[in-house]
There are 4 protein chains.
Amino acid sequence: MDDKNKDRIVRSFGKQGFLRFLGAQLLSVEEGLVEITCPFSEDKTQQNGYFHAGVTTTIADVACGYAALTTMPLDAAVLTVEFKVNFLRPASGSAIRAIGKVLKAGKKLTVCSAFVYDDTGKEVASMQATMICLTSTRI
Amino acid sequence: MDDKNKDRIVRSFGKQGFLRFLGAQLLSVEEGLVEITCPFSEDKTQQNGYFHAGVTTTIADVACGYAALTTMPLDAAVLTVEFKVNFLRPASGSAIRAIGKVLKAGKKLTVCSAFVYDDTGKEVASMQATMICLTSTRI
Amino acid sequence: MDDKNKDRIVRSFGKQGFLRFLGAQLLSVEEGLVEITCPFSEDKTQQNGYFHAGVTTTIADVACGYAALTTMPLDAAVLTVEFKVNFLRPASGSAIRAIGKVLKAGKKLTVCSAFVYDDTGKEVASMQATMICLTSTRI
Amino acid sequence: MDDKNKDRIVRSFGKQGFLRFLGAQLLSVEEGLVEITCPFSEDKTQQNGYFHAGVTTTIADVACGYAALTTMPLDAAVLTVEFKVNFLRPASGSAIRAIGKVLKAGKKLTVCSAFVYDDTGKEVASMQATMICLTSTRI
């Protein structure tokens, strides 16, 4: 994958205030495949002390979005149309990690899936998402 | 709705570190209907400065979960099985607000929907979710 | 709603071999709101004798698709991008009925929801769907 | 996989009037993995002559449901709680084929995914589904 493609993703990631807030990090960017991690902290928990579903979902969504963006023109922007997540088990441990990949890249819409893993490698969530490529035209 | 039912939801909400982090607040709790709000801040944004989809999703999920919990026995706990969200327009403004309601309360599973609104009252997201009632038995 | 808009939906419905096979019928077409019914028969059942989830889903999908199409230009075609369905209770009785409505009509994508009811008026399924408007450009 | 486990699935499949109607066939049954096929015919089409989304969805749902059932006790029944499907490309050709597999088997809930392929091996749809195990207790 060329550097320009990767760079725009690194730059876009850096603009997301919410990801900074979460301490999320971009682990790897390949064509159609993006990996993101997020460390545990008390301020990311739900009522039982596990990672909040909203945190798990956020990094899965971001992994899908950037996986899709790697397949889009350099001047394009990506937005999430919709996603669906199944929560497979409580997410605990020191960090979670999401791997998003492209299932089908289209001119306008790209379908992705993501798995989120805990720090023992167990799957904690599974996402299926639709991303839209925005150039000059709007949704 | 009796006070014990409402109290447990207020208590559970207070235990969610992530909601404190987001500054989310419980606006109202009725039988099968829960409303939650979250103020805007730079650390909740995506790359274009709008509310991050993960924030929108979080408050919709929490509104669904507690709407479901109001219909469950007092000693029960609620967990999210899965949800699906469509993002209808960018979420901007000073705050977003989610209204979660029960579509069908079951002994084990409860199906909910939520709409998230921006501060002008426009719908920014629509969720359909499945919640599970946990007592002594596990998923 | 003008007649040309309604007519194209009646014509398109008539071209769907699968709907004929199911005996599905278009009950009403309004701007952003379409109603479809499907009679019970042994060849639409799952293993317990209820309406098959696939039948319930089909009429919900078609109701969403045509509700979306009423908001699109006359030369446009509609395709289903994705949908999610929750099954609320077993669907029995002499017929099921789906009401699809537009939640948000966009230039390219339209988000719809549908409820399916049994013949006593009970909700048996709830769908949230994304439809795409196809003109000259492809997905 | 033992014969009793496989037999109950073959028997249950045979009781589904809708699958007979569609001409669907069980291609293979393994632990957590089920494959189903459905031949093309004019009465399974949507308005453009492709396989109807409802047919694609039906065989994906059935493949997920029986994949889940292989992991459940012999006296259990399986019902679909919900599913989400993304349609990746129009489904044409002489037959479609769905492969359903278990992502996470639980005591009560089992999460599955399925891909549907056309007769050239291209993916036409992707499903993520939740199944429930019914014994004496109800949903």
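In this report, we go over the structure that sits alongside the text.

Calculation criteria
Residues numbered from 1 in each chain as written. Chains lettered and ligands numbered in written order. Predicted model: local features only at pLDDT ≥ 70, side-chain atom pairs only at ≥ 80, totals over all residues. Heavy atoms only, no water. Helix = DSSP H or I, 4+ residues; strand = E, 2+ residues; numbered from the N terminus. Rg over C-alpha atoms; globule rule 2.2 N^0.38 Å. Buried < 20%, exposed > 50% of the residue type's maximum accessible area, 1.4 Å probe, protein only. Areas by Shrake-Rupley, 256 points an atom, 1.4 Å probe, with all protein chains shown as cover. Lys, Arg positive; Asp, Glu negative; His and termini not counted. Charge placed at Lys NZ, Arg CZ, Asp CG, Glu CD. Axes fitted to C-alpha atoms, helices over the stretch in contact; angles between N-to-C directions. Parallel < 35°, antiparallel > 145°, perpendicular 65-115°, else oblique. Left-handed = near helix turned anticlockwise from the far one by under 90°. Contact = heavy atoms within 4.5 Å. Least-squares fit on C-alpha atoms with pLDDT ≥ 70 in both. 1 Å grid on protein atoms, 1.4 Å probe; cavity = no way out; pocket = protein on both sides within 12 Å on 5 of 7 lines; lining within 4 Å. Points joined across faces, edges and corners; volume = space filled by probe spheres on them. Nonpolar A, V, L, I, M, F, W, Y, C, P; charged D, E, K, R; others polar. Buried area = accessible area lost by both parts, 1.4 Å probe. Salt bridge = Lys/Arg side-chain N within 4 Å of Asp/Glu carboxyl O. Polar contact = N/O pair within 3.5 Å; in protein donor to acceptor, adjacent residues only side chain to side chain. Pairing = 2+ DSSP bridges.

If you tally the helices and strands in chain A, you get three helices and six strands. Its helices and strands in sequence order give chain A the pattern α-α-β-β-α-β-β-β-β, from N to C terminus. In terms of C-alpha radius of gyration, chain A reaches 14 Å, essentially the compact-globule figure of 14 Å for 139 residues. Of all 139 residues assigned to chain A, the portion counted as buried reaches 60%. Counting every atom, chain A has about 5,300 Å² of accessible surface; 50% of that belongs to carbon and sulfur. The centroid of the 16 positive side-chain charges in chain A is displaced by 6 Å from the centroid of its 14 negative side-chain charges.

Moving on, we get to the packing of helix 1 (residues 3–14) of chain B against helix 3 (residues 53–69) of chain B. All names here are of chain B. Where helix 1 meets helix 3, the axes come as close as 10 Å, and the angle between the chain directions of the two elements is 150°. As the angle between them shows, helix 1 and helix 3 are arranged roughly antiparallel. Like other packed secondary-structure pairs, helix 1 and helix 3 cross with a definite hand, here right-handed. Residues Asn5, Arg8, Ile9, Ser12 and Phe13 of helix 1 form the contact with helix 3, whose participating residues are Val62, Tyr66 and Leu69.

When chain B is fitted to chain A, the residual RMSD is 0.0 Å, and the transformation amounts to a turn of 180° plus an axial shift of 0.0 Å. One copy is carried onto the other by what is essentially a two-fold rotation axis. In terms of proximity to the rotation axis, the leading residue of chain B is lysine 84 of chain B, whose C-alpha is 2.0 Å off the axis. The share of interface residues of chain B whose copies in chain A are also at the interface is 100%, consistent with both copies meeting through the same surface.

As a further point, take the layout of surface pockets. Quantified by volume, the largest pocket comes out at close to 930 Å³. For the lining of the largest pocket, the per-class residue count stands at 23 nonpolar, 11 polar and seven charged.

If you look at the interface, chain B gives 34 residues, while chain A gives 34 residues. Roughly 2,700 Å² of surface becomes buried between chain B and chain A when both sides are summed, with 59% attributable to carbon and sulfur atoms. Among the residues of chain B in contact with chain A, Phe18, Phe21 and Gln47 of chain B are the three that bury the most area, contributing 25% of the side total. Applying the counting criterion to the chain B and chain A interface returns zero salt bridges. For the interface between chain B and chain A, the tally reads 12 residue pairs in polar contact (both at pLDDT 80 or more). At the level of elements, helix 2 (17–22), helix 3 and strand 3 (77–87) of chain B are the ones that each hand at least two residues to the side of chain B that touches chain A. When residues of the side of chain B that touches chain A are assigned to their parent elements, the largest contribution, 10 residues, is made by strand 3 of chain B. Looking at the side of chain B that touches chain A, its residues break down into 14 nonpolar, 13 polar and seven charged. Bridge analysis of strand 3 (residues 77–87) of chain A against strand 3 of chain B gives five bridges, and the strand direction is antiparallel. Residue valine 85 of chain A lies in a different strand from strand 3 of chain B, and its bridge partner there is phenylalanine 83 of chain B.

Moving on, we get to the relation of the copies chain B and chain C. The transformation that overlays chain B on chain C combines an axial shift of 0.0 Å with a rotation of 180°, and the residual RMSD is 0.0 Å. Taken together, the interface assignments show that 100% of the residues at the interface of chain B recur at the interface of chain C, consistent with an identical surface on both copies.

This structure, assessed with the given rule, holds eight salt bridges over all chains. The partner of arginine 97 of chain A in a salt bridge is glutamate 35 of chain A, and the shortest N-O contact between them spans 2.8 Å. Here arginine 97 of chain A, found in strand 4 (residues 95–105), pairs with glutamate 35 of chain A, found in strand 2 (residues 33–39); they are 62 residues apart in sequence, far enough to count as distant. Given the relative accessible area of 28%, arginine 97 of chain A is considered partly exposed. The buried category is assigned to glutamate 35 of chain A, whose relative accessible area is 18%. With a closest N to O distance of 2.8 Å, glutamate 82 of chain A and lysine 84 of chain D form a salt bridge.

With that settled, consider the interface of chain B and chain C. Counting residues at the interface gives 16 residues for chain B and 16 residues for chain C. Taken together, both faces of the contact between chain B and chain C bury some 1,300 Å²; the carbon and sulfur share is 50%. Taken as a group, Lys84, Lys104 and Gln128 of chain B account for 42% of the area that chain B buries against chain C, more than any other trio of residues on that side. Inspection of the chain B/chain C interface yields two salt bridges. The tally of links from chain B across to chain C stands at eight residue pairs in polar contact (both at pLDDT 80 or more). Looking at the side of chain B that touches chain C, the elements that each hand over two or more residues are strand 3, strand 4 (95–105), strand 5 (109–117) and strand 6 (123–134) of chain B.

Time to look at the side chain of threonine 57 of chain B. Considering the arrangement of structural elements, one finds threonine 57 of chain B in helix 3. Accessibility expressed as a relative area gives 0% for threonine 57 of chain B, which makes it buried. One polar contact links the side chain of threonine 57 of chain B to the main-chain carbonyl oxygen of alanine 53 of chain B, over a distance of 2.7 Å. If we ignore the near neighbours within four places in the chain, the residues touching threonine 57 of chain B are Thr57 and Phe83 of chain A together with Phe83, Val85, Phe87 and Met127 of chain B.

Before going further, it helps to spend a moment on the environment of alanine 98 of chain A. Residue and element names in this part refer to chain A. By the element assignment, alanine 98 lies in strand 4. Through-space distance from the C-alpha of alanine 98 to that of threonine 56 is 8.1 Å; in sequence the pair is 42 residues apart. Once residues within four sequence positions are removed from consideration, alanine 98 is found in contact with Val34, Glu35, Ile36, Ile59, Ala60, Ala63, Phe115 and Val116.

Bringing the pairing of strand 3 (residues 77–87) of chain C into the picture now. All names here are of chain C. Burial analysis of strand 3 places nine of its 11 residues in the buried class, which makes it a mostly covered element. Looking at chain direction, strand 3 and strand 6 (residues 123–134) are connected through 10 bridges and run antiparallel. Opposite lysine 84, over in strand 6, you have glutamine 128 as the bridge partner.

Bringing empty space enclosed by the protein into the picture now. Evaluated as defined, the whole model comprises three cavities of 30 Å³ or more. Surrounding the largest cavity, 31 residues form its lining, Gln46, Ala53 and Phe87 of chain A together with Leu79 and Thr80 of chain B being those nearest its centre. Taken together, the residues of the lining of the largest cavity sort by class into 18 nonpolar, 10 polar and three charged. The volume enclosed by the second largest cavity comes to roughly 370 Å³. Forming the walls of the second largest cavity are 22 residues, and the residues nearest its centre are Leu79 and Thr80 of chain C together with Gln46, Phe51 and Ala53 of chain D. Those elements that provide at least two residues to the lining of the second largest cavity are helix 3 (53–69) and strand 3 of chain C together with helix 3 (53–69) of chain D. In terms of residue count, the dominant contributor to the lining of the second largest cavity is helix 3 of chain C (four residues). Residue composition of the lining of the second largest cavity, grouped by class: 13 nonpolar, seven polar and two charged.

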